[in-house]
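Residue strings, one per chain:
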Amino acid sequence: KDPQGYFYKTVEYFTKQRLEEKRIAKETGDRYYKDLEQSKKILINSCYGFMGAPGLNFNSPANAASITMYGREILQKCIDWSNSKGYALVNADTDSISFTTGKDISEEERKLILKEINSMYPEMIRFEDDGYYKTVCVVKAKNYALWDGKKLKVKGSALKATMKEKALKEFNTRLLNSFLKIPPKEDAIVEDAVDIYNSYVFEITNMSSIDRWCKKVTVTESVMDPKRTNEQKILDAIKDKGYSLGDKIYVYFDTNRVVKLANEWNQDHDVDSMLSKLYENLETFAPILDISMFPNYKLKKNKTALKELVLRMATNV
């Protein structure tokens, strides 16, 4: 399909360019070079996806499979190395490994460890030190949180959830802080996960503002010319109100499941819908959390318990 190897040469060129720009970005802290190398990363990854996609004239499933196989071999070699050292494996991803030596190590020791790891690989394969953390919380594949004693670093779409409502993003962070034993402020005690959950249940049932629970939506072409029910509901909410393509709006569901704008809120939000969203968000942590401790208050069987919880928390407030 490509007898002159142009595809290979293209990927090789952009890979070398990316590694050089990545080096410059690390040395200078210049965002320009960071953006350059990230754009090339997308291109290189797309080349891999192109090879594995069916039905394309110049694809190469065999080569795509060999890349996957080689990637596994690279990672497995590092895992085997850590096991041979007696280190405890914390997490392994498609392109990274985390482990603990079981004791504090100095920066110099970290450099020696990295040098030893990279000595096992050819020149173009290089592991990098991505940080040294006091505690790590792995929720599920590709979703984890890292705490270095000063800053919380969150990885993975399920945990970062940039499109979620502000309150739910905050809920995720507070739960992670609880798991990692991070107090909300200096000299405070670490929050209990059940107490965190209950506080959001109480907020939903005693709302003073809808702002934290609104969903941010962009007015796209599909909204202006809807083909699906959800898009039609958004169009109905903004119709004749002066909104244009590209505008950002904040919406919520009322008790009739009608989409309304945030500035139209009148204590008419759908409580059950929000309780359900909160519980679904909680289920993200099911691999590391006993979900049975957290009732789904949307369910009829839990409504009495909900009333008791709200009354108890209102009394405490």
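Attention here is on the structure that accompanies the text. All of these numbers come straight from a predicted model, not from anything done at the bench. (Residues numbered from 1 in each chain as written. Predicted model: local features only at pLDDT ≥ 70, side-chain atom pairs only at ≥ 80, totals over all residues. Heavy atoms only, no water.)

## Some thoughts on the nonpolar core
Part 1 of the reasoning: Within the largest apolar cluster, 41 residues are counted, with the highest numbers of intra-cluster contacts made by Phe 171, Tyr 197, Val 201, Ile 210, Trp 213, Leu 278 and Leu 282.
Part 2 of the reasoning: The leading source of residues in this core is helix H7 (residues 193-205), at eight residues.
Part 3 of the reasoning: Here Ile 210 is in contact with Tyr 252, Ala 262, Trp 265, His 269 and Met 274, once residues within four sequence places are set aside.
Part 4 of the reasoning: Formed by twelve residues, the second largest nonpolar core is a distinct cluster that contains Ile 79, Ile 97, Ile 117 and Tyr 121. (Core = buried A, V, L, I, M, F, W, Y, C linked by side-chain atoms within 4.5 Å. Buried < 20%, exposed > 50% of the residue type's maximum accessible area, 1.4 Å probe, protein only. Helix = DSSP H or I, 4+ residues; strand = E, 2+ residues; numbered from the N terminus. Contact = heavy atoms within 4.5 Å.)

## Some details on the pairing of strand E5 (residues 152-155)
Part 1 of the reasoning: Strand direction decides the pairing type here: strand E4 (residues 143-147) and E5, joined by four bridges, are antiparallel. By the bridge assignment, Ala 145 is partnered in E5 with Val 154. (Pairing = 2+ DSSP bridges.)

## Section: the packing of H7 against helix H11 (residues 303-316)
Any two packed helices are characterised by the angle at which their axes cross and by the distance between the axes.
Part 1 of the reasoning: Remark: H7 packs on H11, axes separated minimally by 10 Å, with the N-to-C direction vectors making an angle of 90°. For the element pair H7 / H11, the angle class is roughly perpendicular. Seen from H7, the contacting residues are Asn 198, Ser 199, Val 201, Phe 202 and Thr 205; seen from H11, they are Leu 306, Leu 309, Val 310, Met 313 and Ala 314. (Axes fitted to C-alpha atoms, helices over the stretch in contact; angles between N-to-C directions. Parallel < 35°, antiparallel > 145°, perpendicular 65-115°, else oblique.)

## So, the environment of Arg 110
Part 1 of the reasoning: Residue placement: Arg 110 occurs in helix H4 (residues 107-118).
Part 2 of the reasoning: Overall, Arg 110 belongs to the partly exposed group, its relative accessible area being 22%.
Part 3 of the reasoning: Linking Arg 110 and Met 51, residues 59 residues apart in sequence, is a C-alpha distance of 37 Å.

## Re the environment of Asn 263
Part 1 of the reasoning: Of note, Asn 263 is situated in the loop between strand E8 (259-261) and helix H10 (271-282).
Part 2 of the reasoning: Classification of Asn 263 by relative accessible area gives exposed; the value is 65%.

## Digging into the pattern of salt bridges
Part 1 of the reasoning: Taken as a whole and assessed by the stated rule, the structure comprises 22 salt bridges.
Part 2 of the reasoning: When the shortest N-O distance is used, the salt bridge between Glu 27 and Arg 23 registers 2.9 Å. Residue Glu 27 and its partner Arg 23 are both found in helix H1 (residues 6-28); the two are separated by four residues, about one turn of the helix.
Part 3 of the reasoning: Residue class for Glu 27 comes out exposed when judged on its relative accessible area of 58%.
Part 4 of the reasoning: As a salt-bridge pair, Glu 37 and Lys 34 come within 3.5 Å of each other at their nearest N and O atoms. Placement of the pair is Glu 37 and Lys 34 together in helix H2 (residues 31-52), with a separation of three residues, close to one helical turn.
Part 5 of the reasoning: Note on Lys 34: relative accessible area 38%, which makes it partly exposed.
Part 6 of the reasoning: Taken together, the salt bridges that share partners define one network made up of Arg 18, Lys 34 and Glu 37. (Salt bridge = Lys/Arg side-chain N within 4 Å of Asp/Glu carboxyl O.)

## Concerning H7
Part 1 of the reasoning: Along its 13 residues, H7 runs 19 Å from first to last C-alpha, staying within 8% of the 18 Å computed at 1.5 Å per residue.
Part 2 of the reasoning: Buried residues dominate H7, accounting for ten of its 13 residues.
Part 3 of the reasoning: Those residues of H7 not exposed but buried are Ala 193, Val 194, Ile 196, Tyr 197, Asn 198, Tyr 200, Val 201, Phe 202, Glu 203 and Ile 204.
Part 4 of the reasoning: In this fold, the buried residues of H7 make contact with helix H6 (166-179), H10 and H11. (Expected span 1.5 Å × (residues − 1).)

## Thoughts on the packing of aromatic side chains
Part 1 of the reasoning: If you walk through the whole model with that rule in mind, you get 13 aromatic pairs.
Part 2 of the reasoning: Members of the aromatic cluster, each reached through a chain of ring pairs, are Phe 171, Tyr 197, Tyr 200, Trp 213, Phe 294 and Tyr 297.
Part 3 of the reasoning: Sitting over the face of the ring of Tyr 121, Lys 77 holds its NZ or CZ atom 5.3 Å from the ring centroid.
Part 4 of the reasoning: Stacked on the ring of Phe 253, the Lys or Arg Arg 257 has its end atom at 3.9 Å from the ring centre. (Phe/Tyr/Trp six-rings, centres within 6.5 Å; stacked < 30°, edge-to-face > 60°. Lys NZ or Arg CZ within 6 Å of the ring centre and 35° of its normal.)

## Thoughts on the sheet that holds E8
Part 1 of the reasoning: The strand order E6-E7-E8 describes an open sheet built from three strands, whose pairing is antiparallel. Edge strands, defined here as strands with exactly one partner in the open sheet, are strand E6 (215-218) and E8. Mean inter-strand twist for the sheet, computed between neighbouring axes without regard to direction, equals 50°.
Part 2 of the reasoning: In the sheet, E6 pairs with strand E7 (residues 248-253) via four bridges, with the strands oriented antiparallel. Each residue of the ladder has a partner; that of Val 217, found in E7, is Ile 249.
Part 3 of the reasoning: Packing against the sheet, helix H9 (residues 229-238) makes contact with E6, E7 and E8, and its axis sits at approximately 35° to E8.

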